[in-house]
Amino acid sequence: MAVTDEIAIKPSSEALLRDGPGKPPRNMGQILRFLLLFAGGVLMVMPIAFMISTSLKWPHEVYNLNFIPEEPTLENYTYVLEDGRFYWWFLNSIVIAVITTISSVLFDSLVGYTLCKFRFPGRYIVFIAILSTLMIPTEMLVIPWYLMSQQFGWLDTYWGIMFPGLMTAFGTFLMKQFFETVPDDFIEAARIDGLNELQIWWTVAMPLVRPALAALAIFVFLGNWTAFIWPLIVTNSVEMYTLPVGLSSFGDEADVAWELIMTGAAISTIPTLIVFLIFQRFIIRGVVMAGLKG
Amino acid sequence: MKLYRDLTIRQKQIAWAWAFLAIPVLFYGVIRFYPTGNAILISFQDWNLLGARTWTGLDNYQKLFADPVFWKVFRNTFVYLLLGTPVSLVISFVVAYHLDKTRFLHGFLRMLYFLPFMTSAVAMAWVWRWFYQPVPIGLFNNFLASLGIPQINFLNSTTNALPAILAPAVWAGLGFQIIIFMAGLRAIPKSYYEAARIDGVSTWTVLWEITLPLLKPTIVFIVVFSSIGFLRIFDHVYNMTTQNPGGPLNSTKPLVLMIYQTAFNSFDMGYAAAQTVVLFLVLLVVSLLQLRILRDR
């Protein structure tokens, strides 16, 4: 696949130039380029790798420079999990990230679809209004959100943590762009077949934008999983913390060993790393789609 | 149901559209627009959550502009921007440019560079905080010591702490920017390079005359996007300086941290709201200026 792509894209003369005979310096340059890129890549993952390696070390070894633990142990994980708080924080983070992801994907695509495929009075105003919220930084909204939460008793609840993230303007805009690729004829045909508009959206249009939905889901999940300032403000009790807020307070306690902090950091990082390793191609494509269309 | 059947096709469409939009419009109204207006309103009031809300006009803004801490914070925020944006732009372009030309293990290398983007800022702030600790704890200083190089005081120094906190923020964003740059590089038609090669133009000239000018939309996007990120820096600063947030001596405090402390440590909501309005204006002005300057050239 990759090979045919290359041949198709690159004009043959360039391929000739590249593989022409008697060009050892050029190859040397490419070897050097590869080695430098590789060294840079290793530096990039070093903080993550040291975090994981330290979380597997016994206390006496933590401050040594060796990367591979002499006697790897899961003792730190057992200790941190037995403490119980990380269980709660992990659970809270999962629940919040999953619910906000489902909500955002559904609502953003529904709104994006409506703005893209329907003609109705007010369409342009709604579109501009939603788009304009992209310019407002979250930090400007946290004070009113806090006051609102205080008034309605949302402080220190799941709902309180989640409500600001139930829909995103960015996702709406992204999905609107992608529904442009769904031919109007398909929708018209479904209408003639007697499907109602909700059915058309769900069974005709949605399956056609699946890659975009996956990309959006991953971004929203990552955003909510790592969200810090709002959960920090809205939660009070330790059981309601999310992983980032919990880790922040855990690290700040007096005399917490660094290997335990690294273990907590690893617990909050490994899930998204696994998601990345499984859906790598999706995510890379998603970044490009979001970056170029969003 | 009878009523619905009597509508024309166009009327049905309008009814469906508004049915779909009802909840979202309510959401954006209550959770986005109302709070925006409310923040601006509160910024003209004196309110510490317990006492009465009193209208004070521009007092909060006058107090802010007379506050030396604010100007320190304002300066810090722009130092994050003016260091972070160019550094991450140059590194990500250089990596993307070379990665684009490397086919061997391309996917693997790309993964290495992208991985930090998938981490949580809080977790990584703690990892880097550990790296920065003095001997015998911190990895960096232990490494320097093993080479016989004197220690560096990272987080306790008023001059080193800000770049030390900025480093993981730059690091985490590189992967995203590299992918965007590579997509931009791919979008340049091969025929341009072809023509340049036939004319025997040097690699540098190709870079300056073809690649960079054609990458301008990508560069504009990355500059604006990463600038907004650096102007809003908070997670890294807060977590790397928890004992004395924004310290030492406010030397690392960005605007968002000042907002957080004013609102949720001092509960001075009016004053904090005025700071958020200033943040909004800073973001707006910087983005518009960048778009203007970069588009024109």
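Bear in mind that the values here come from a model prediction, so they are computed numbers and not experimental data.

Engineer: Which residues make up the domain arrangement of chain A, and what values do they have?
Structural biologist: All names here are of chain A. For chain A, the assigned domains are domain 1 (21–73) and domain 2 (83–293). A straight line from the C-alpha centre of domain 1 to that of domain 2 covers 33 Å. Each partner contributes residues to the interface: domain 1 has 8 residues there, and domain 2 has 8 residues. When grouped by side-chain class, the residues that make up the side of domain 1 that touches domain 2 number 5 nonpolar, 2 polar and 1 charged.

Engineer: Explain unusual backbone geometry to me, and be specific about the residues and the numbers.
Structural biologist: With an omega of 5°, the peptide bond between V135(B) and P136(B) qualifies as cis. Assignment of secondary structure puts P136(B) in the loop between α6 (121–131) and α7 (139–146). Within the chain, D156(A) stands out as a residue other than glycine whose phi angle is a positive 65°. Within the element layout of this structure, D156(A) appears in the loop between α7 (138–152) and α8 (158–162). Under the C-beta neighbour-count criterion, D156(A) is labelled partly exposed, with 15 such atoms within 10 Å. With phi around 55°, L105(B) is a residue other than glycine that occupies positive phi space. Mapped onto the elements of the fold, L105(B) is located in the loop between α4 (68–101) and α5 (106–114). In this structure L105(B) comes out as partly exposed when scored by C-beta crowding, with 14 C-beta atoms within 10 Å.

Engineer: Go over the confidence of the model for chain A with me, naming the residues and quoting the values.
Structural biologist: Here chain A averages 86 in pLDDT, and 90% of its residues register 70 or above. This model gives residues 1–25 of chain A a pLDDT under 50, and the stretch forms 7 contacts once residues within four places in sequence are excluded.

Engineer: Quick rundown of the packing of helix α10 (residues 184–192) of chain A against helix α11 (residues 197–208) of chain A? Include the residues and the values.
Structural biologist: All names here are of chain A. The geometry of α10 relative to α11 is characterised by a closest axis approach of 10 Å and an angle of 135° between their N-to-C directions. In terms of their interaxial angle, α10 and α11 are classed as oblique. α10 and α11 meet at a crossing whose hand is right-handed. Every residue of α11 that contacts α10 at F186, I187, A190 and R191 is listed here: I200, V204 and A205.

Here is what the cut-offs are and how they apply
Residues numbered from 1 in each chain as written. Chains lettered and ligands numbered in written order. Predicted model: local features only at pLDDT ≥ 70, side-chain atom pairs only at ≥ 80, totals over all residues. Domains from an automatic or database assignment. Contact = placed C-beta atoms within 7 Å. Nonpolar A, V, L, I, M, F, W, Y, C, P; charged D, E, K, R; others polar. Helix = DSSP H or I, 4+ residues; strand = E, 2+ residues; numbered from the N terminus. Buried ≥ 20, exposed ≤ 12 C-beta atoms within 10 Å, placed from the backbone. pLDDT = per-residue confidence, 0-100. Axes fitted to C-alpha atoms, helices over the stretch in contact; angles between N-to-C directions. Parallel < 35°, antiparallel > 145°, perpendicular 65-115°, else oblique. Left-handed = near helix turned anticlockwise from the far one by under 90°.

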